[in-house]
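Structural overview
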Amino acid sequence: MNSYLTRLYSMAQQPSRRIVGLMSGTSLDGLDVALCRLHGHGTATRLELEHFATVPYSNEVRRRIREVFAGGQVSLEYLTLLHPWLGLLHGDMILQCLQEWQVAPAAVDLVASHGQTVYHAPQHQHQHPDFPLNATLQLGDGDHVSVRTGIITLSDFRQKHIAAGGEGAPLAAYGDYLLLSSTEEERLLLNLGGIANFTYLPRAGQDASAAFSTDTGPGNTLLDATVRAHHPMLAYDEDGRLASAGQVHAGLLTELLAHPFFAAPLPKTTGPELFGPAYLRSAQERSDTLTLGLADTLATLTELSAVGVAQAARQVFGSEPALAVYASGGGAHNPALQAALRRQLPACRFATTQQLGVLPDAKEAILFALLANEAVAGQPVSLGAGRQRVPAVSMGKISLPG
Ligand SMILES: Nc1ncnc2c1ncn2[C@@H]1O[C@H](COP(=O)(O)OP(=O)(O)OP(=O)(O)O)[C@@H](O)[C@H]1O
Ligand SMILES: CC(=O)N[C@H]1[C@@H]2OC[C@@H](O2)[C@@H](O)[C@@H]1O[C@H](C)C(=O)O
């Protein structure tokens, strides 16, 4: 029998597994690397985060990803070359982290690699007549990660979710449900990444089918793109200082919110394919705000992200949602965005996932480690046939190093 399959089989029987979870998100800030020890599986899962780092992307790496990122017309050759190249880069970044943490690659059971989303195409967004289906594409080939690191690697998680009837995202519902449900309170886990999304968790032990995840609209992606356009040397508006000095422009906000995405029923997914520079420019033209100052534009985009979250919450929880909200993702570090969220959801209680023992920046990489643990040692996680088509499937393609 293939020795790697034997290894896979024996690790599935182990009481715990050491898994490196990876996430490279829509902000293109870098590769999140989370070395986790996962005990058990399913609702009995216990996770210890041993080490975490975000390995920053150089401007050159970001430039190469942007050649194909969320773009309409891209070079097929460039796309073909970038896929293995990113896999090798991610493999090297893993080895760099393990060396810094003094952990031998042989001591790691699995790598769980999300890869880099370069195009997300739910059917409601692409509406291509030839293809009545959801689709999504992540680059960073798993075989290259596996051969470069010598570690069995799971990758390309989102395809199974689509094959089983979902939109390929958000996948956070699985991890949030297994790790962060509480018997004491219902919770909203709010990821403030390039795209904002939340997971609703009923009280643990209640009807799991009520749990679901949905995107809500832009998080940081438009903020970052606008800052970069004005200050090419800046990656984002640190601590929301620029936005805090501005005023929300009501006319621009109205035009931004006029997009049908915001009124669409939940759950839904989106990406920078929709919430990109063209979307912003169109709203600026309609509201005659093309020459609006940077601070006021950023203040308005910050309010847009918060209103997107609030509108989605109101679609489910009524006009005055009064939930315990736990933020994660880079936007959790943005005081201007946090203030806008409190304005938009005054009856909610806000904290970060740090209060639940989960590092806000590590949560997405941890999710993929957990999904790999379920694929190898668990059973398909069933949240029931509730609001979100949350298919009970194992996810991830397995790459063997040899
Ligand atoms: N101190 C800060 N002040 C303001 N914004 C911040 C701060 N730190 C991080 N951010 C924002 O968070 C972003 C990175 O967040 P994160 O890593 O969660 O995004 P991502 O995972 O790439 O996105 P997605 O979840 O959509 O894939 C940065 O690009 C920036 O916009
Ligand atoms: C296609 C894709 O990569 N979607 C991401 C993106 O980033 C945030 C939001 O949009 C979420 O839907 C998803 O990632 C998280 C990890 C998820 O699947 O839950």
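What counts as what
Residues numbered from 1 in each chain as written. Chains lettered and ligands numbered in written order. Predicted model: local features only at pLDDT ≥ 70, side-chain atom pairs only at ≥ 80, totals over all residues. Heavy atoms only, no water. Near = heavy atom within 4 Å. Polar contact = N/O pair within 3.5 Å; in protein donor to acceptor, adjacent residues only side chain to side chain. Areas by Shrake-Rupley, 256 points an atom, 1.4 Å probe, with all protein chains shown as cover. Helix = DSSP H or I, 4+ residues; strand = E, 2+ residues; numbered from the N terminus. Nonpolar A, V, L, I, M, F, W, Y, C, P; charged D, E, K, R; others polar. Domains from an automatic or database assignment. Buried < 20%, exposed > 50% of the residue type's maximum accessible area, 1.4 Å probe, protein only. Pairing = 2+ DSSP bridges. Axes fitted to C-alpha atoms, helices over the stretch in contact; angles between N-to-C directions. Parallel < 35°, antiparallel > 145°, perpendicular 65-115°, else oblique. Left-handed = near helix turned anticlockwise from the far one by under 90°. Contact = heavy atoms within 4.5 Å. 1 Å grid on protein atoms, 1.4 Å probe; cavity = no way out; pocket = protein on both sides within 12 Å on 5 of 7 lines; lining within 4 Å. Points joined across faces, edges and corners; volume = space filled by probe spheres on them. UniProt positions renumbered as here; feature names shortened; annotations may be inferred. Salt bridge = Lys/Arg side-chain N within 4 Å of Asp/Glu carboxyl O.

1. Some thoughts on the site of ligand 2
The environment of ligand 2 is made up of 14 residues, and the closest members are Thr-117, Arg-158, Leu-171, Ala-172 and Asp-215. Taking Thr-117, its side chain carries an N or O atom lying 2.6 Å from an oxygen atom of ligand 2. Here an oxygen atom of ligand 2 sits 2.8 Å away from a polar atom, N or O, in the main chain of Leu-171. In the complex, the protein chains occlude 98% of the 440 Å² of accessible area that ligand 2 would expose alone. Of all elements in the fold, only strand E4 (110–121) and strand E8 (195–201) reach the threshold of two or more residues within the shell around ligand 2. Here the shell around ligand 2 gets three residues from one element, more than from any other, and that element is E4. Class assignment of the residues belonging to the shell around ligand 2 gives a composition of five nonpolar, six polar and three charged. Lining the shell around ligand 2 are residues from two domains, each supplying at least three of them: domain 1 (3–171 + 362–399) and domain 2 (172–356).

2. What about the pairing of strand E9 (residues 212–218)?
In terms of burial, E9 is largely enclosed, as seven of its seven residues are buried. Summarising the sheet, E8 and E9 pair through six bridges and their orientation is antiparallel. Bridge pairing links Tyr-200 to Phe-212 in E9.

3. Things to note about the packing of helix H10 (residues 250–257) against helix H11 (residues 277–286)
Put simply, H10 and H11 touch, their axes get as near as 8 Å, and they point 130 degrees apart. On the basis of their axis angle, the class for H10 and H11 is oblique. Like other packed secondary-structure pairs, H10 and H11 cross with a definite hand, here right-handed. When H10 is examined against H11, the residues Leu-252, Glu-255, Leu-256 and Leu-257 are found in contact with a partner set consisting of Tyr-279, Leu-280, Ala-283, Gln-284 and Arg-286.

4. A word on the layout of surface pockets
Empty space within the second largest pocket amounts to approximately 320 Å³. Forming the walls of the second largest pocket are 19 residues, and the residues nearest its centre are Phe-69, Thr-221, Arg-228, Pro-272 and Pro-277. When residues in the lining of the second largest pocket are grouped by element, the largest group, five residues, is from helix H8 (residues 221–230). Across the lining of the second largest pocket, the residue classes break down as eleven nonpolar, four polar and four charged. Counting residues domain by domain, the lining of the second largest pocket receives three or more from each of domain 1 (3–171 + 362–399) and domain 2 (172–356).

5. Some remarks on the UniProt feature "binding site: ATP" (unreviewed entry) in the chain
According to UniProt, the positions carrying the feature "binding site: ATP" (unreviewed entry) are Gly-25, Thr-26, Ser-27, Leu-28, Asp-29, Gly-30, Leu-31 and Asp-32. Lining residues of the second largest pocket, restricted to the annotated ones just named, are Thr-26, Ser-27 and Leu-28. Residue placement: Gly-25 occurs in the loop between strand E1 (16–24) and strand E2 (30–39). Inspection of the secondary structure assignment puts Asp-32 in strand E2. Judged by its relative accessible area of 10%, Asp-32 is buried.

6. Some remarks on the sheet that holds strand E11 (residues 349–352)
Read across the open sheet, the five strands follow the order E9-E8-E7-E10-E11; overall the sheet is mixed. Every interior strand has two partners, whereas the edge strands, E9 and E11, have only one. Taking each pair of neighbouring strands and ignoring which way they run, the sheet shows an average axis angle of 25 degrees. Note that strand E7 (residues 187–192) and strand E10 (residues 324–328) share five bridges and pair parallel. Across the sheet, the residue bridging to Asn-191 is Ser-328, located in E10.

7. Structural notes on the domain arrangement of the chain
Taken domain by domain, the chain holds domain 1 (3–171 + 362–399) and domain 2 (172–356). The gap between the C-alpha centroids of domain 1 and domain 2 is 24 Å. Domain 1 puts 37 residues into the contact, and the matching count from domain 2 is 36 residues. Applying the counting rule to domain 1 against domain 2 returns one salt bridge.

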